Structures are given as structure tokens and as C-alpha cells.
Amino acid sequence: MSILASGPRAEDLSLRLVDAFANFEHAYARWIESPLQYTGLTYARIRLLGVLDRKGPQIMSALSDELVVSPRNITVLVDALEAMGLVRRQAHPTDRRAILIELTLKGVETCGVMYTQHLEGVSELFSDLSDADQRELLHLLNILGAGLERRGVIDGYPRSEV
């Protein structure tokens, strides 16, 4: 009897992992968004603010690469953050075709509070794991990320030190 005819076998570990990842991803996405629900910010917007806070003004393509999202998504994120008064567009000093995105004073203040609080709150989940388990999880995620990169899904998967 084929797997297609009978459905996936419960002992098929790779299929169980697919289900576990899908369930975890959905729950984790809700977990990281929940503290932001009344702020007007989303996880993607917080991440963009964090990049600008750490690296200073960036061109849109650099933000797209850093956050691993499409240029269209970066435009939408910047538009929303600009409407909130958290970022502004500035002419690039040496490239007339490029626009720099930088934090406003309000963006710096918001980022200083919200980004740090958000990271600390979300990272609390990992305290359920021992230090050794956290290192192993990071190691395994890096292996899976490298596998995606080899398959052409992610270009330049950001590796974390273990």
C-alpha cells in the first residue's frame, strides 16, 4: 500500500517534523506579535527599526537584504513607519538614485524602548531550554538554513555563532 493511498505513517519522522514546524511557526508568530498588538508596530517593523538603530541610515536594498524580504515589502514597511513619524527618507549624499532611510528622534526613542523590551520578552521563551539545548537548537537551525541556501531558497542565510 502506498503512502498516498493510506496517508502518512505516524512513524515517518520527517513528516512529523513538517507538522511540528508548521504548528510551532504559527504559535511563535502569534507569540512575537502579541506584545505589539496595541503599539501600531509589527514584528517586521520592529526588526526594521532595530537594523536602523544598529547600523545607521540604510538604502532600501540593504534593508531588503538584511531582513530577507522583498523590496516591495520594505517599501510598505518604510511607508508605515514614515507615517508613524519613526523614519524618514533622505537623499543619498553620493548616489542620486538612492534614498537613505533613517530613524527620526521619535524613532530612536521608540526603538530604544520597544525593540529592547520586545527582544527580551520574546527571548523569554528560550529560557525553557537549557544553555546546551539552546546551543543545539541554534546549531540545528543553522544546518537547516544552510540546506535552504543550498536549495536556492535563501541567499546568504545569516549564520549565528554557536
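Up top is the structure these notes are about.
Fair warning: this is a prediction, and the values are worked out from it, not measured in the lab.

Participant: Just to check I follow, could you spell out the packing of aromatic side chains for this structure?
Facilitator: A ring pair, where both rings are aromatic, is described by two values, the distance of the centres and the angle of the planes. According to the stated counting rule, one finds two aromatic pairs in the structure shown. Between the aromatic rings of Phe24 and Tyr28, the centroid separation amounts to 5.6 Å while the plane-to-plane angle is 15°, which identifies the pairing as stacked. A residue pair is termed a helical-turn pair when its members lie 3 or 4 positions apart in one helix, as Phe24 and Tyr28 do in helix H2 (residues 13–33) at four residues. Here Phe24 falls in the partly exposed class, since its relative accessible area comes to 46%.

Participant: Would you mind going over helix H7 (residues 131–150) with me for this structure?
Facilitator: For an α-helix, the turn length of 3.6 residues means that residues three or four places apart are oriented alike. Compared with the 28 Å implied by 1.5 Å per residue over 20 residues, the 29 Å span of H7 between its first and last C-alpha is a close match. Within the span of H7, buried status applies to Asn142, Gly145, Ala146 and Gly147. In the stretch just after H7, Gly152 is the one whose phi turns positive, near 80°.

Participant: Honestly, unusual backbone geometry in this entry has me stumped. Any pointers?
Facilitator: Leave glycine aside and you will find that most residues have negative phi; peptide bonds, for their part, are mostly trans. Phi is positive for Val68, which is not a glycine, with a value near 55°. For Val68, the position within the fold is in the loop between helix H4 (60–67) and helix H5 (71–83).

Participant: In this structure, what is going on with the sheet that holds strand S3 (residues 99–103)? I would like to understand it.
Facilitator: Either a parallel or an antiparallel arrangement is found when strands of a sheet pair, and the pairing is made through backbone hydrogen bonds. Pairing is antiparallel across the open sheet formed by three strands, whose spatial order is S1-S3-S2. Of all the strands in the sheet, the pair left with one neighbour each is strand S1 (58–59) and strand S2 (87–91). Here S1 runs beside S3; their pairing, made up of two bridges, is antiparallel. Paired with Gln58 across the two strands is Ile101, which belongs to S3.

Rules used in this analysis
Residues numbered from 1 in each chain as written. Predicted model: local features only at pLDDT ≥ 70, side-chain atom pairs only at ≥ 80, totals over all residues. Heavy atoms only, no water. Phe/Tyr/Trp six-rings, centres within 6.5 Å; stacked < 30°, edge-to-face > 60°. Helix = DSSP H or I, 4+ residues; strand = E, 2+ residues; numbered from the N terminus. Buried < 20%, exposed > 50% of the residue type's maximum accessible area, 1.4 Å probe, protein only. Expected span 1.5 Å × (residues − 1). Pairing = 2+ DSSP bridges.

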